[in-house]
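Take a look at the letters that make up each chain.
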Amino acid sequence: MHDIAIFRSLHRARFEAEPTLYVAPGRVNLIGEHTDYAEGFVMPAAIDFATLAGISPRADGKIALFSENYGEVRYFDAAELPAKAGKHWTDYPLGVISILAGEGHRVPGFSLSLWGDVPLGSGLSSSAAVEVATALAVTGLIGVNYPGPVLARLCQRAENEFVGANCGIMDQFISANGAKDHALLLDCRDLSFKLAPIPHNVALVIANTMVKHAITGGEYTSRRAEVEAACAVIASHRPGVKFLRDATVEDLEKWGPEMTPNSLKRARHVITENTRTVAAAEALINHNLAELGRLMAEAHWSYSQDFEASCEEADAMVALAQNLPGLIGARLTGGGFGGCTINLVEQDQAAAFVEGLGGLYAGQTGIVPQIHICHASGGAHRIE
Ligand code: ADP
Ligand code: MG
């Protein structure tokens, strides 16, 4: 997280007012990929990269949005908010403000400063951090106090309905509800959740492959369609199955032959991933790190071979990590086709692990990766 005193003085200097400060973290998903829209389980953790928000009231009815990251301020009329996104960073805070207004809150004029150290667009959810920090700041200003899960849903709606990004609830949920030194097992069906402790001597090492293979958007849609087609086959025999969350590997054995080969593979990933994610939370709760590592490895190869959402570079990065001292478990995290791997590593080996993995990956691929040592941090809150 950036320096709070510096942030406070930046806001003061720009807006000549004392800000109230909030912070919301980015996140990494430890396990549970492409399970959210099957109403299944995910297990993210909030990380110690975060976005700061500072807010102070204004008397002129304007909303001033400033991002230190972009070095830019933009002004809007609180009584006449833009009705649609402008393909600009202000879409994220404006989306939150407009969703709050849509909930019937009268939004007054204010100055909002944002400053984050979550790497932008790297899959660590800087967007959710901005949304949740903004939501806390604005609701704090107008004296409304939403429970974390409700705040998360409002922020997800801001991203879906205003920004126009088709994301699930995970990012906003963990940013709003994360707990220090814990992962959070989230049931995407009813948003119930369970915290699972991450031992103090375990670091979350996030390694960026630095590749993001151009997917036209077609892959995401076709994977979803294949998953839904598999579900429809099972549901035709077992009407109680609404989503793959309700299906089992026995269902696949029985009715898999009625599916296309791809549909069967995608479904096998989703069904086994759900089971693995719940088992991974149990393993953490039981301090069984060896089992957690095994489940992460299994999850990676399921994602790579059955879901076919990995790539050569990510497979290499996960394979190279296996032989380094201190590794507990490694897998590709996020939507797929590149992005970051998450490596659970013994804390006292983390620095050597970063050096080792960086060297091996660069040697094999010719690409120098960015690697961050993170820890599970608390969810969004006001800074007193
Ligand atoms: P990710 O969430 O993986 O980082 P996204 O593309 O979903 O990637 O969100 C990144 C976008 O969020 C940025 O392009 C920018 O518009 C907005 N954003 C993130 N952090 C900030 C910030 N500190 N200030 C302003 N806008 C931000
Ligand atoms: Mg995002």
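The rules behind the values
Residues numbered from 1 in each chain as written. Chains lettered and ligands numbered in written order. Predicted model: local features only at pLDDT ≥ 70, side-chain atom pairs only at ≥ 80, totals over all residues. Heavy atoms only, no water. Helix = DSSP H or I, 4+ residues; strand = E, 2+ residues; numbered from the N terminus. Rg over C-alpha atoms; globule rule 2.2 N^0.38 Å. Buried < 20%, exposed > 50% of the residue type's maximum accessible area, 1.4 Å probe, protein only. Contact = heavy atoms within 4.5 Å. Areas by Shrake-Rupley, 256 points an atom, 1.4 Å probe, with all protein chains shown as cover. Lys, Arg positive; Asp, Glu negative; His and termini not counted. Charge placed at Lys NZ, Arg CZ, Asp CG, Glu CD. Pairing = 2+ DSSP bridges. Axes fitted to C-alpha atoms, helices over the stretch in contact; angles between N-to-C directions. Expected span 1.5 Å × (residues − 1). Salt bridge = Lys/Arg side-chain N within 4 Å of Asp/Glu carboxyl O. Near = heavy atom within 4 Å. Polar contact = N/O pair within 3.5 Å; in protein donor to acceptor, adjacent residues only side chain to side chain. 1 Å grid on protein atoms, 1.4 Å probe; cavity = no way out; pocket = protein on both sides within 12 Å on 5 of 7 lines; lining within 4 Å. Points joined across faces, edges and corners; volume = space filled by probe spheres on them. Nonpolar A, V, L, I, M, F, W, Y, C, P; charged D, E, K, R; others polar. Core = buried A, V, L, I, M, F, W, Y, C linked by side-chain atoms within 4.5 Å. Parallel < 35°, antiparallel > 145°, perpendicular 65-115°, else oblique. Left-handed = near helix turned anticlockwise from the far one by under 90°.

Draft legend 1. Representation of the overall build of the chain in the model. Of regular secondary structure, the chain possesses 11 helices and 12 strands. Since a compact globule built from 384 residues should have a radius of gyration of about 21 Å, the 21 Å found for the chain is in line with a globular shape. Seen through its principal axes, the chain has C-alpha atoms that stretch 65 × 50 × 40 Å. The buried share among the 384 residues of the chain stands at 55%. Taking all contacts inside the chain whose residues are at least 6 apart in sequence as the whole, residues at least 24 apart take part in 70%. Of the roughly 15,600 Å² of accessible surface on the chain, 53% is carried by carbon and sulfur atoms. Between the centroid of the 29 positive side chains of the chain and the centroid of its 43 negative side chains there is a distance of 5 Å.

Draft legend 2. Representation of the sheet that holds strand 9 (residues 327-332) within the structure. What the 4 strands build is an open sheet, ordered 9-10-8-11; its pairing is antiparallel. This sheet does not close on itself; its edge strands, each paired only once, are strand 9 and strand 11 (370-374). For this sheet, the mean angle separating the axes of adjacent strands, direction not counted, is 20°. Summarising the sheet, strand 9 and strand 10 (residues 338-346) pair through 5 bridges and their orientation is antiparallel. Paired with Ala 330 across the bridge in strand 10 is Asn 343. In the packing of helix 9 (residues 289-306) onto the sheet, contacts are made with strand 8 (202-212), strand 9 and strand 10, and the angle to strand 9 comes to roughly 20°.

Draft legend 3. Seen up close, helix 8 (residues 261-285). Across its 25 residues, helix 8 extends 36 Å between first and last C-alpha, which sits within 8% of the 36 Å expected from 1.5 Å per residue. Following helix 8 by one or two positions, His 287 has its phi on the positive side, about 55°.

Draft legend 4. Inspection of the pattern of salt bridges at higher detail. Counted according to the given criterion, the structure contains 23 salt bridges. Salt-bridge contacts for Glu 72 lead to Arg 74; the nearest nitrogen and oxygen are separated by 3.2 Å. A cluster of three or more residues bridged by salt bridges with shared partners is formed by Glu 273, Arg 276, Glu 291, Arg 294 and Glu 298.

Draft legend 5. Broad picture of the pairing of strand 7 (residues 193-197). Both strand 6 (residues 182-187) and strand 7 contribute to a ladder of 5 bridges, which runs antiparallel. Bridge assignment links Leu 186 to a residue of strand 7, and that residue is Phe 193.

Draft legend 6. A look at the site of ligand 1. Ligand 1 sits among 16 residues. The nearest are Ser 67, Asn 69, Gly 121, Ser 126 and Ser 127. In the model, an oxygen atom of ligand 1 is placed 3.0 Å from a nitrogen or oxygen of the Gly 123 main chain. A distance of 3.0 Å separates an oxygen atom of ligand 1 from a polar side-chain atom of Ser 127. When isolated, ligand 1 has an accessible area of 560 Å², and the protein chains bury 81% of it.

Draft legend 7. Layout of helix 4 (residues 148-163). The first and last C-alpha atoms of helix 4 sit 21 Å apart over 16 residues, in line with the 22 Å expected at 1.5 Å per residue. Regarding helix 4, the residues found buried are Leu 151, Ala 152, Leu 154, Cys 155, Gln 156, Ala 158, Glu 159, Phe 162 and Val 163. Residues of helix 4 that are buried make contact with helix 2 (91-102), helix 3 (126-142) and helix 5 (170-177). Positioned one or two residues after helix 4, Gly 164 has a phi angle of 90°, which is positive.

Draft legend 8. Focus on the side chain of Thr 35. Mapped onto the elements of the fold, Thr 35 is located in the loop between strand 1 (20-31) and strand 2 (41-57). Discounting chain neighbours no more than four positions away, the residues touching Thr 35 are Gly 40, Phe 41, Val 42, Val 270, Glu 273 and Asn 274.

Draft legend 9. View of the layout of surface pockets. Here the largest pocket defines a volume of roughly 1,200 Å³. Taken together, 37 residues form the lining of the largest pocket, with Arg 27, Gly 123, Asp 171, Gly 334 and Gly 335 sitting closest to its centre. At 4 residues, strand 8 tops the list of elements feeding residues into the lining of the largest pocket. Split into classes, the residues belonging to the lining of the largest pocket amount to 12 nonpolar, 19 polar and 6 charged.

Draft legend 10. Representation of the nonpolar core within the structure. Ranked by size, the top nonpolar core spans 44 residues in total, and within it Ile 63, Leu 65, Phe 110, Leu 112 and Leu 186 carry the most contacts. Per-element accounting of this core gives the leading share, 7 residues, to helix 3. Contact partners of Leu 186, with chain neighbours within four places excluded, come to Gly 40, Phe 41, Val 42, Ile 169, Met 170, Phe 173, Leu 191, Ser 192 and Phe 193. Ile 31, Ala 45, Ala 280 and Ala 299 belong to the second largest nonpolar core, which has 32 residues in total.

Draft legend 11. Region of the structure containing the packing of helix 2 against helix 4. Their axes nearest at 8 Å, the elements helix 2 and helix 4 cross at an angle of 110°. Relative to helix 4, the element helix 2 lies roughly perpendicular. In the crossing of helix 2 with helix 4, the sense of the turn from one axis to the other is right-handed. On helix 4, the residues that touch Asp 91, Tyr 92, Leu 94, Gly 95, Val 96, Ser 98, Ile 99 and Leu 100 of helix 2 are Leu 154, Cys 155, Arg 157, Ala 158, Glu 159, Glu 161, Phe 162 and Val 163. By residue class, the composition of the contact of helix 2 with helix 4 is 10 nonpolar, 2 polar and 4 charged.

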